[in-house]
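# Residue-level structural notes
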Amino acid sequence: MNTLKKALNESAAMRWGVLLLVGFVLSVNYYFYDAFSTLKDLLRAEFDFTNKDYGLFVSFYSVPNTFLLMAVIGGVILDKLGIRRTGFMFVFFMAIGAVLTAYGASDYYGAGGIGYSFMSSFMPNYSPELKMMLLGRFFFGLGAETSIVVISKILVKWFKGKNLALAFGLKVGFGRLGTFAALNISPAVADKGANLTGAIWLAAILVCTGLLAFIVYMLLDAKLDKQLEKDSNETVTSKPFSFRDITGLLGNRAYLYIALLCVTFYSAVFPFLAYAPDFFADKFSLTSVESGKLTSLLPLGTMFFTPLFGWLIDRKGKSATAMIFGASTLLAVHLVFALTYFPPQAPIILLGIAFSLVPAAMWPSMVKLVDDSQIGTAYGLMYSIQNLGLWGFPIIAGSILDATNPGNPEVSDYTATILMFAAVSLLGLIFALLLKFEDKKKGFGVELPLNKK
Ligand SMILES: NCCCC[C@H](NC(=O)[C@@H](N)CCCCN)C(=O)O
């Protein structure tokens, strides 16, 4: 009889339970990120947000990750402090940031609550509400990006050798579920402005429940470590972090092209999504609930398509071609949105296909381009570069919108803004093509099935 007790990660039920738990943390992260896109008009009506103010608010998520290189540093901290301490710290930052944002939008704060007079004492062009919400978004972003890296490491710990690729595909699916929920729930709760703060507090409370879920995960993680008779500190990498790793990666043309594809592709999707409900509402005369539902077709499709494309690419390869196809589709969809009144349902589904193809092909391709020992730094750096776009493009989009719609009217013309997203998609397509040529020249094997390095 086998007297040895099975380790927790040997149990399939435990593994999928862990995926549910950390998937929930990722869902609330994406929920909060996307909860404001259907509230854009209400923020304008309630707090006098210009389009640029709104863009600034969306982009503040990326300030710590880009300018303080937090996505890279977070990965280094993770390797040093381990999953539990790093995860708790960064999910906590996320929760603090979410609560500060909701506080900034609350009636109590607006009526001169704690911090109001301080926030009124500088930069008078920005309202005290906006400044408090920016501070919140900063801490939320600081925690959110590194917590995504922590969750990847948790999945490796529990699923290595046991459906890891599927677990990663489902992880992205959990993120999209959060976006889908935000686009549907947020405008319904806000009730045309009657309960705007309620919708923001709901998003903040969800992030706090994510912190509770992470604490539950920490108990399982500690138990697993005990069973494996090793402290998570033992996961420390033997190789210390060096800035030369970064310069080395940037000297690898294939890495550079995939990082540039990452920033351009995601900049034409996430910042677009932040404006999409308002764009659809204005162009097709929809209510915020209807335009939220329409936009949510995109994350709904990606929930299913991303794992499916991941599974296909695992077996058939053709990652570089998939990225070219995804980037061209994105370009075509933005041109249709900008220049025609074609019913938006079909293009948004196509956008969902593009938004599944590129992530499913791009993230795993990294293993073909860089050495295993550099993979953490390679992803961290790619996140930081990506965040540069997630920081800049919401502001650029808002500025174009303000410039082409003087007087901040209720119904805006989005043509120039969406053409800007089309131009960014075109750059993405060029980088995808360059990646394919570079791969052909150097023989990295990006087109081969993933299990053949
Ligand atoms: N293993 C990498 C998965 C990344 C998924 C990717 N997310 C990001 O790129 C984040 N850095 C940015 C998220 C911003 C919105 N929440 C994705 O496709 O979602």
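Residues numbered from 1 in each chain as written. Predicted model: local features only at pLDDT ≥ 70, side-chain atom pairs only at ≥ 80, totals over all residues.

In this section: the overall build of the protein. When helices and strands are counted, the protein shows 20 helices and 0 strands. A compact globule built from 453 residues should have a C-alpha radius of gyration of about 22 Å, and the protein, at 22 Å, falls within 12% of that. Its C-alpha atoms give the protein principal-axis dimensions of roughly 70 × 50 × 40 Å. The buried share of the protein, taken over its 453 residues, is 54%. Partitioning the intrachain contacts of the protein with sequence separation of at least 6 by distance along the chain shows that 85% fall at a separation of at least 24. (Helix = DSSP H or I, 4+ residues; strand = E, 2+ residues; numbered from the N terminus. Rg over C-alpha atoms; globule rule 2.2 N^0.38 Å. Buried ≥ 20, exposed ≤ 12 C-beta atoms within 10 Å, placed from the backbone. Contact = placed C-beta atoms within 7 Å.)

Attention now moves to the site of the ligand. Within the structure, the ligand sits among 13 residues, and Tyr 30, Tyr 33, Pro 359, Trp 363 and Tyr 383 are positioned closest to it. Breaking the shell around the ligand down by element, the ones donating at least two residues are α1 (12-34), α9 (128-159), α10 (164-190), α18 (345-369) and α19 (375-404). With 3 residues, α9 is the single largest residue contributor to the shell around the ligand. Broken down by class, the residue content of the shell around the ligand amounts to 9 nonpolar, 3 polar and 1 charged. (Near = placed C-beta within 6 Å. Nonpolar A, V, L, I, M, F, W, Y, C, P; charged D, E, K, R; others polar.)

Turning our attention to the nonpolar core. If you look at the biggest cluster of nonpolar residues, it comprises 148 residues, and the most contacted ones within it are Phe 32, Ala 203, Ile 258, Leu 261, Cys 262 and Met 323. The biggest single contributor to this core is α9, with 16 residues. Ignoring sequence-local partners within four residues, the contact set of Cys 262 consists of Met 362, Met 382, Ile 385 and Gln 386. (Core = buried A, V, L, I, M, F, W, Y, C linked by C-beta atoms within 7 Å.)

On to α18. With 25 residues, α18 should reach 36 Å at 1.5 Å per residue; the first-to-last C-alpha distance of 37 Å fits that figure. Where α18 bends most, at Trp 363, the angle is about 25 degrees, and the proline Pro 364 comes one to four residues later. (Expected span 1.5 Å × (residues − 1). Bend = angle between axes of the 7 residues up to and from the residue.)

Let's shift gears to unusual backbone geometry. One non-glycine residue, Asp 191, lies in positive phi territory at about 50 degrees. Within the fold, Asp 191 resides in the loop between α10 and α11 (196-227). Positive phi values are uncommon outside glycine, yet Lys 192 reaches one of about 55 degrees. Tracing the chain through its elements places Lys 192 in the loop between α10 and α11.

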